[in-house]
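Close look at the chain arrangement
For reference, the chains in residue letters:
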Amino acid sequence: MTWSIVAHDPPTGAFAVAVTTCNLAVGAACPFIRTGVGAVSTQSMSNRYLGPAVLEALARGLSPRLALDSALAGDEGRGLRQIHVVDAAGRVAAHTGDNCVEWCGSIAGSGFSVAGNMLANGRVIAATAEVFATRGDLPFAERLMAALHAGQAEGGDKRGRQSAALMITTTEDFPDINLRVDDHADPLVELSRLLALWRVQAEPTQHTRPSRANPAGLIDLDAIEAGWRARGADLRLRR
């Protein structure tokens, strides 16, 4: 009922999960990321306890394979689950339970994994993986979106479309990008629109926000107001 991509971007240290499904609010159930550690998507009768368990195991030094196996060992519903993970070394692992609905499966690439279930066909994840692997010319977020759009063009979730989400983290304890479309007739198109808005409205001020390097962030009110005025003028010029 879902397909997703988990990925690591070595140049920036970013981790990401991009996911879409024909179900309500996929962003509330599937993606889990820990800065410097890894990214996980838990889907197909999603068990949200698995994401944090896998990340905690990675943080202790386990490989993705052992982290998955250790988390699933305590889940009696493991046959219903699909879960995949990437770590800070770009290693990946995936589990597709024996009771997941066809078409179901996963593809591993260099620093990324694509997995899906209840899909129209196997070309959905194949196209997703191919585009992600070959579109390194795109910014990381847009590359993830292009990959999901390619999977959708091959049929996507065989029930239809409803929600999508994109989560990316780099250096902070919270995501740089955390965008969700919870209910929409064409969620990937809407998510791409939100990403474009993020580029214009949120990305320019990322450096001013509280961070590990600058715990208070920008607190000079004159500078803050000058930034507001400059961005307002820029937005008016764009119209």
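Residues numbered from 1 in each chain as written. Predicted model: local features only at pLDDT ≥ 70, side-chain atom pairs only at ≥ 80, totals over all residues. Heavy atoms only, no water.

**Structural notes on the nonpolar core**
- Counting 30 residues, the largest nonpolar core has Phe132, Phe140, Leu144, Leu166, Ile168, Ile177 and Leu195 as the members making the most contacts within it.
- Looking at this core, the elements that each hand over two or more residues are strand 1 (2–9), strand 2 (14–21), strand 8 (112–117), helix 3 (123–134), helix 4 (140–153), strand 9 (163–169), strand 10 (177–181) and helix 5 (187–201).
- Broken down by element, the residue count for this core peaks at 6 residues, all from helix 4.
- Contact partners of Ile168, with chain neighbours within four places excluded, come to Ala14, Phe15, Ala16, Ile33, Phe140, Ala141, Leu144, Pro175, Asp176 and Ile177.
- Val40, Leu50, Ala71 and Ala93 belong to the second largest nonpolar core, which has 15 residues in total. (Core = buried A, V, L, I, M, F, W, Y, C linked by side-chain atoms within 4.5 Å. Buried < 20%, exposed > 50% of the residue type's maximum accessible area, 1.4 Å probe, protein only. Helix = DSSP H or I, 4+ residues; strand = E, 2+ residues; numbered from the N terminus. Contact = heavy atoms within 4.5 Å.)

**A few points about the pairing of strand 8**
- Most of strand 8 sits inside the fold, with 6 of its 6 residues counted as buried.
- Here strand 8 shows a buried face lined by Phe112, Val114 and Gly116 and a second buried face lined by Ser113, Ala115 and Asn117.
- Here strand 1 pairs with strand 8 via 6 bridges, running antiparallel. Among the inter-strand pairings, Ser4 is bridged to a residue of strand 8, identified as Ala115.
- Of the pairings in the sheet, the one linking strand 7 (residues 105–109) to strand 8 comprises 5 bridges and is antiparallel in character. (Pairing = 2+ DSSP bridges.)

**Regarding the packing of helix 4 against helix 5**
- Relative to each other, helix 4 and helix 5 sit at 170 degrees, their axes nearing to 10 Å. When the axes of helix 4 and helix 5 are compared, the pair comes out roughly antiparallel. Two secondary-structure elements touch here, helix 4 through Ala141, Glu142, Met145, Leu148, His149 and Gln152 and helix 5 through Leu188, Val189, Leu191, Ser192, Leu195 and Arg199. (Axes fitted to C-alpha atoms, helices over the stretch in contact; angles between N-to-C directions. Parallel < 35°, antiparallel > 145°, perpendicular 65-115°, else oblique.)

**Some points on the sheet that holds strand 10**
- Here we have 6 strands laid out as an open sheet, ordered 7-8-1-2-9-10, and antiparallel in their pairing. With partners counted over all chains shown, the strands left at the sheet margins are strand 7 and strand 10, one partner each. Across the sheet, the mean angle separating the axes of adjacent strands is 5 degrees when strand polarity is ignored.
- As paired elements, strand 2 and strand 9 share 7 bridges and run antiparallel to each other. Residue pairing across strands places Val19 opposite Ala165, the latter belonging to strand 9.
- The sheet strands contacting helix 3 are strand 1, strand 7 and strand 8, and the helix crosses strand 8 at an angle near 160 degrees.
- Contacts from helix 5 reach strand 2, strand 9 and strand 10, with the element oriented near 145 degrees to strand 10.

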